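# A look at the structure
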Amino acid sequence: MLRTKIVILLLLATSALRAQPAADGSDALHRWQAGVAVSAEAIARVGMDSCFRAEPVGDAVFARMLGKSYPKDCPVARCDLRYVRVLHYDWQGRVLTGELVCHRQIADDVVQVFRQLYRQKYPIGSVRLIDDFDADDERSMRANNTSCFCYRSVNGSQKLSKHARGLAVDINPLYNPCRRRTKNGRWRVEPATAVPYCDRTKTFRGKIDRQDLCYRLFTARGFTWGGNWRTLKDWQHFEK
Ligand SMILES: [Zn+2]
């Protein structure tokens, strides 16, 4: 009886140990769970190439997307999309795991740009799939979340966005909002909480302008910046 009790206690203790995530983030690196702080030692163990890579969209990722960023009748072939792993610095200087889904045509660009941003310690708040925000662009932007693929039309119109094919990336969208004039002549800002960041004459951390590293890296690879558009300003947006 006593032996049985000891065995049960040991089993409970080992399962509790297993449930405890490693403090250095190595579990998140192995399973590639996004948004987790990871140590330099844990990164060195898995290797940098494993932290910056594009791969086919696996079943687990696809299950997260289905019915959200990837509607049931989505005309974009799953095999044309790539799941991209990245590391990035956040506003506190921690290194976090990140993830994006993009079109295979820009997958290499995305990997290389994020690798350069990481090397130069460029701060990005969060890089998680928009599906974690129920594919609600406003919610993702308010959370300052960087993202790419989402099958949707341009907000306020019928036209398909470049995000619908995974050919556009939005970086730090709270600090780099999208501003357009509505039919009644008013400004519409997305996300709505980003009004303080619409004054682009101000200097603030994370602001994308033509001197910014994101701007230089993306445009060097042939991307267009939404901040250069005339009628609509989309400071977060790079598309190819
Ligand atoms: Zn965009």
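Computed from a predicted model, the values in this text were never measured in an experiment.

Further remarks concern the overall build of the protein. When you go through the protein residue by residue, the secondary structure sums to eight helices and nine strands. With 240 residues in all, the protein has 36% of them scored as buried. In the protein, once contacts between residues fewer than 6 apart in sequence are set aside, the share between residues at least 24 apart is 57%.

Let's shift gears to the sheet that holds strand E3 (residues 95-103). Whether parallel or antiparallel, the strands of a sheet pair through hydrogen bonds between backbone atoms. Judged by pairing direction, the sheet is antiparallel, and its three strands sit side by side in the order E1-E2-E3 without closing on themselves. The two strands at the open ends of the sheet, each matched to only one other strand, are strand E1 (53-56) and E3. Across the sheet, the mean angle separating the axes of adjacent strands is 25° when strand polarity is ignored. The sheet contact formed by strand E2 (residues 81-89) and E3 spans nine bridges and is antiparallel. Within the sheet, the bridge partner assigned to Leu 81 lies in E3 and is His 103.

Pairing is antiparallel across the open sheet formed by three strands, whose spatial order is E4-E9-E7. Here the strands that pair on one side only, and so sit at the sheet edges, are strand E4 (168-170) and strand E7 (224-225). Summarising the sheet, E4 and strand E9 (residues 237-239) pair through three bridges and their orientation is antiparallel. Following the sheet pairing, Asp 170 is matched in E9 by His 237.

Take the nonpolar core next. Counting 40 residues, the largest nonpolar core has Val 84, Leu 100, Val 101, Cys 102 and Val 110 as the members making the most contacts within it. Elements represented by at least two residues in this core include exactly helix H5 (59-65), E2, E3, helix H6 (104-119), E4 and helix H8 (213-220). The element that contributes the greatest number of residues to this core is H6, accounting for seven residues. Filtering out sequence-adjacent residues up to four positions away, Leu 100 remains in contact with Val 84, Val 86, Val 110, Val 127, Ser 147 and Cys 148. Of all hydrophobic cores here, the second largest spans six residues; its members include Leu 29, Trp 32, Ala 42 and Val 95.

Moving on: H8. Among the residues making up H8, those that are buried are Cys 214, Leu 217 and Phe 218. All buried residues of H8 fall inside an arc of 90° around its axis, so they share one side. In this structure, the buried side of H8 is in contact with H6, E7 and E9. Phi for Gly 222, located one or two positions after H8, is positive at around 90°.

Right, let's get into the pairing of E3. Of all nine residues in E3, nine are buried; the element is thus mostly enclosed. In textbook terms, the turn of a hairpin is the stretch between consecutive antiparallel strands, and for E2 and E3 this stretch comprises five residues, one of which, Gly 93, has a positive phi near 85°.

Another point: the environment of Leu 167. Checked against the element boundaries, Leu 167 lands in the loop between helix H7 (137-142) and E4. Not counting chain neighbours up to four residues away, the residues in contact with Leu 167 comprise His 103, Gln 105, Ile 106, Lys 162, Glu 239 and Lys 240.

Where H6 meets H8, the closest approach of the two axes is 10 Å, and the angle between their N-to-C directions is 150°. On the basis of their axis angle, the class for H6 and H8 is roughly antiparallel. For H6 against H8, the interelement crossing comes out right-handed. Contacts from Val 113, Gln 116 and Leu 117 in H6 reach Leu 213, Cys 214, Leu 217 and Phe 218 in H8. Residues that form the contact of H6 with H8 fall into these classes: six nonpolar, one polar and no charged.

Definitions and limits used
Residues numbered from 1 in each chain as written. Predicted model: local features only at pLDDT ≥ 70, side-chain atom pairs only at ≥ 80, totals over all residues. Helix = DSSP H or I, 4+ residues; strand = E, 2+ residues; numbered from the N terminus. Buried ≥ 20, exposed ≤ 12 C-beta atoms within 10 Å, placed from the backbone. Contact = placed C-beta atoms within 7 Å. Pairing = 2+ DSSP bridges. Axes fitted to C-alpha atoms, helices over the stretch in contact; angles between N-to-C directions. Core = buried A, V, L, I, M, F, W, Y, C linked by C-beta atoms within 7 Å. Arc of directions from axis to C-beta. Parallel < 35°, antiparallel > 145°, perpendicular 65-115°, else oblique. Left-handed = near helix turned anticlockwise from the far one by under 90°. Nonpolar A, V, L, I, M, F, W, Y, C, P; charged D, E, K, R; others polar.

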